[in-house]
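Chains, contacts and geometry: an overview
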Amino acid sequence: MEWFASMPKVELHAHLNGSIRDSTLLELARVLGEKGVIVFTDVEHVIMKSDRSLHEVFKLFDLIHVLTTDHATVTRITQEVVEDFASENIVYLELRTTPKRNESIGMSKRSYMDAVVEGLRAVSAVDVDFASRSTDVRRPVNTKNMNDACNGTRGKKIYVRLLLSIDRRETTEAAMETVKLALEMRDLGVVGIDLSGNPTKGEWTTFLPALKFAREQGLQITLHCGEIPNKEEIQSMLDFLPQRIGHACCFEEEEWRKLKSSKIPVEICLTSNIRTETISSLDIHHFVDLYKAQHPLVLCTDDSGVFSTSVSREYDLAASAFSLGRREMFQLAKSAVKFIFANGRVKEDLKEIFDLAEKKLD
Ligand code: 6MZ
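Everything numeric in this text was worked out from a predicted model, so none of it was measured.

Conventions used here
Here the residue index of a chain counts from 1 through its sequence in written order. This being a predicted model, a pLDDT of at least 70 is required before a residue's local features are given, and a value of 80 or more before pairs of side-chain atoms are given or counted; all residues contribute to the totals for chains, interfaces and linings. Hydrogens and water are ignored here; the side-chain numbers use all heavy atoms of the structure. Runs of E in the DSSP output that reach at least two residues are strands. Runs of H or I that reach at least four are helices, and both are numbered from the N terminus. We compute the radius of gyration from the C-alpha atoms alone; for a globule the expected value is 2.2 Å times N to the 0.38, where N is the number of residues. Any residue under 20% of the maximum accessible area for its type is buried, any over 50% is exposed, and the rest in between are partly exposed; the area is computed with a 1.4 Å probe on protein chains only. We call two residues contacting when some pair of their heavy atoms lies within 4.5 Å. Here the Shrake-Rupley method, with its probe set to 1.4 Å, supplies the accessible areas, and only the displayed protein chains count as covering residues. Charge counting treats Lys and Arg as positive and Asp and Glu as negative, with His and both chain ends excluded. To locate a charge, the coordinates of NZ of Lys, CZ of Arg, CG of Asp or CD of Glu are taken. Handedness is read with the strands pointing away from the viewer; a crossover is right-handed when the path from the first strand over the helix to the second is clockwise. Strands are labelled as partners when DSSP assigns at least two bridges between them. pLDDT measures the predictor's confidence residue by residue and takes values from 0 up to 100. For the purposes of these results, a polar contact is taken to be a pair of N or O atoms within 3.5 Å, where, inside protein, one atom must be able to donate a hydrogen and its partner to accept one; residues adjacent in sequence count only when each atom of the pair is a side-chain atom. Residues are counted as near a molecule or strand when any one of their heavy atoms sits within 4 Å of it. Cavities and pockets were defined on a 1 Å grid built over protein atoms only: a cavity is a set of grid points that admits a 1.4 Å probe from which the probe cannot escape, a pocket is an open set flanked by protein on both sides within 12 Å along at least five of seven lines, and lining residues are those with an atom within 4 Å of any such point. Being in a pocket or cavity means that more than half of the molecule's atoms lie within 2 Å of its grid points. Think of it as three bins: nonpolar holds Ala, Val, Leu, Ile, Met, Phe, Trp, Tyr, Cys and Pro, charged holds Asp, Glu, Lys and Arg, and polar takes everything else, Gly as well. Grid points are joined across faces, edges and corners, and a volume is the space filled by probe spheres set on the points. An expected span of 1.5 Å times one less than the residue number is assigned to each helix. The term nonpolar core refers to a set of buried residues drawn from Ala, Val, Leu, Ile, Met, Phe, Trp, Tyr and Cys, joined through side-chain atoms within 4.5 Å.

Thoughts on the overall build of the protein chain
From N to C terminus, the protein chain includes 15 helices and nine strands. Taking 2.2 N^0.38 as the reference for a compact globule, 362 residues should give roughly 21 Å; the C-alpha atoms of the protein chain span a radius of gyration of 19 Å, in line with that estimate. Along the first, second and third principal axes, the C-alpha set of the protein chain runs to 55 × 50 × 40 Å. The buried share of the protein chain, taken over its 362 residues, is 58%. Counting contacts in the protein chain only where the partners sit at least 6 residues apart, residues at least 24 apart contribute 74% of the total. Accessible surface for the protein chain amounts to roughly 15,100 Å². Of this, 51% is attributable to carbon and sulfur atoms. Averaging the locations of the 47 positively and 55 negatively charged side chains of the protein chain gives two centres separated by 5 Å.

Written out as structure tokens, the structure is:
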């Protein structure tokens, strides 16, 4: 674990509201309990429960969203989530979140996102690079100011880019609004669009117009794909050729063939898949087959708070479950740089970070 924590890593599939510290959720619940908005003891039990079905996970998200409604809390959780990832040597983070409207407290999708950006600005434990297209100029990597990987020194700098999520409960219009917001916020580090939410809800065709528009405008796209069996949807998603997909659990032969020939990178979330019982055990996880086929893969947490995990834990888990050595795990982490949505300048910087760390491997 220690070793994986000290190695530089990239996180490409992390939902903001799924990555909140338990201690923060409990504190927020206590305050709302004192105000009489919720019954703290009921909520405490739900937050601390360790195994949840996929259905229960989405019920938990509805509760988390009650706890994190206001702008100040959104700012706070963003700051904490970035600090937590930086503390385990994540050198590049793509953080995704669903812009939310809540008229009763004057929150629009834009003001929600402004609160997220405020959270990035509030981080002081590390240097956060989160913008922008206008600074797309290659700068020399400052080795002193960079994560000194593999010697235990904690991170000093993290690149953060944002993905705006479309929730599967949303309408075509709401999805389009999210895409327009993403375009408006490109200079604030927004690089793409994610389609997520309860996979038993909504129809793929509802989101297609917004996703096509996003692509035409040059945004990158990642889709939650195959969290439940749905052959028709999985095939349509693969035919759309997104830049990445998340999960890819409930595929059949034909979909595996399509995926492999398309070479669409897959964001793999081991603990999430096991905890939600989407995959029954690690020894039959599709990681093995995709890894052997040299299909582009990246290990991610999904919801580090909800599933009590971290990127380092996911690497540790993969290494022991699939008998992979440190070098192989390092190469896996390094290869993720190819699949990030940020521009060439960031990719070059990250390559340099990984090359330097590689020289220090035993
Ligand atoms: C699908 C998921 C997810 O956007 O409020 N989300 N969607 N599958 C998953 N795997 C278990 N985990 C999280 O973060 C929480 C939201 O992310 C999506 C859900 O829409 C959830 O409400 P934000 O920051």
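Having seen the structure, we can now continue with the description.
Considering the pairing of strand β5 (residues 190-196)
Most of β5 is tucked away: seven of the seven residues are buried. Of the crossover connections in this fold, the one passing from strand β4 (residues 157-167) over helix α7 (residues 172-184) to the parallel β5 is right-handed. In this structure, β5 lies alongside strand β6 (residues 220-225), joined through four bridges in parallel fashion. Paired with I193 across the two strands is I221, which belongs to β6. Handedness of the β-α-β unit built from β5, helix α8 (residues 204-216) and β6 comes out right-handed.

Considering unusual backbone geometry
The phi torsion at N89 lies on the positive side, around 60°, for a residue other than glycine. Secondary-structure assignment places N89 in the loop between α5 (71-87) and β2 (90-97). Under the relative-accessibility criterion, N89 is labelled buried at 0%. Even without a glycine there, the phi angle at Q294 is positive, about 55°. The topology assignment puts Q294 in the loop between α12 (287-292) and β9 (297-299). Owing to a relative accessible area of 71%, Q294 belongs among the exposed residues under this scheme.

Let's talk about the confidence of the model for the protein chain
Interpreting fine coordinate detail is not advised for predicted regions of low pLDDT. With 93% of its residues at a pLDDT of at least 70, the protein chain reaches an overall mean of 93. When the criterion is pLDDT under 50, residues 134-140 qualifies, and its contacts beyond four places in sequence or with other chains add up to 13 contacts. Long-range and interchain partners of residues 143-155, a stretch whose pLDDT sits below 50, account for 33 contacts in this model, where long-range means more than four residues apart. For this predicted complex, the interface confidence comes out at an ipTM of 1.00, alongside a pTM of 0.94.

Some details on the side chain of E255
Along the chain, E255 falls in helix α10 (residues 253-262). With a relative accessible area of 1%, E255 lands in the buried category. Among the polar contacts listed, one links the side chain of E255 to the side chain of K231, at a separation of 2.9 Å. Apart from the residues lying within four places of it in its own chain, the contact partners of E255 are K231, I234, Q235 and L238.

Regarding the site of the ligand
By nearness alone, 19 residues border the ligand, and H65, T97, T98, K100 and D303 come closest of all. A distance of 2.6 Å is found between an oxygen atom of the ligand and a side-chain nitrogen or oxygen belonging to H65. The protein chains hide 99% of the 510 Å² of surface that the ligand would expose on its own. Mapping the ligand onto the cavity grids shows that it belongs to the largest pocket. For the shell around the ligand, the leading source of residues is helix α4 (residues 54-67), giving three residues. Partitioned by chemical class, the residues of the shell around the ligand number four nonpolar, 10 polar and five charged.

Focus on empty space enclosed by the protein
Unfilled space is identified by rolling a water-sized probe across the atoms. Scanning all chains against the criterion turns up one cavity of 30 Å³ or more. Within this model, the largest cavity holds a volume of roughly 80 Å³. Together, R168, G197, P199, H224, C225, G226, E227, I228, N230, E233 and I234 line the largest cavity. Mapped by element, the contributors of at least two residues to the lining of the largest cavity are β6 and α9 (231-240). Residue composition of the lining of the largest cavity, by class: four nonpolar, four polar and three charged.

Points about α8
With 13 residues, α8 should reach 18 Å at 1.5 Å per residue; the first-to-last C-alpha distance of 18 Å fits that figure. Of the positions making up α8, those classed as buried are W204, F207, L208, A210, L211 and A214. For α8, the elements touching its buried residues are β4, α7, β5, β6 and α9. Looking one or two residues past α8, G218 carries a phi angle of roughly 90°, positive in sign.

Looking at the nonpolar core
Membership of the largest hydrophobic core comes to 117 residues, with the highest contact counts inside it found for I158 and I193. In this view, I193 contacts L164, I166, T178, V179, A182, L211, A214, L219, Q220, I221 and T222; residues no more than four positions away in its chain are not counted.

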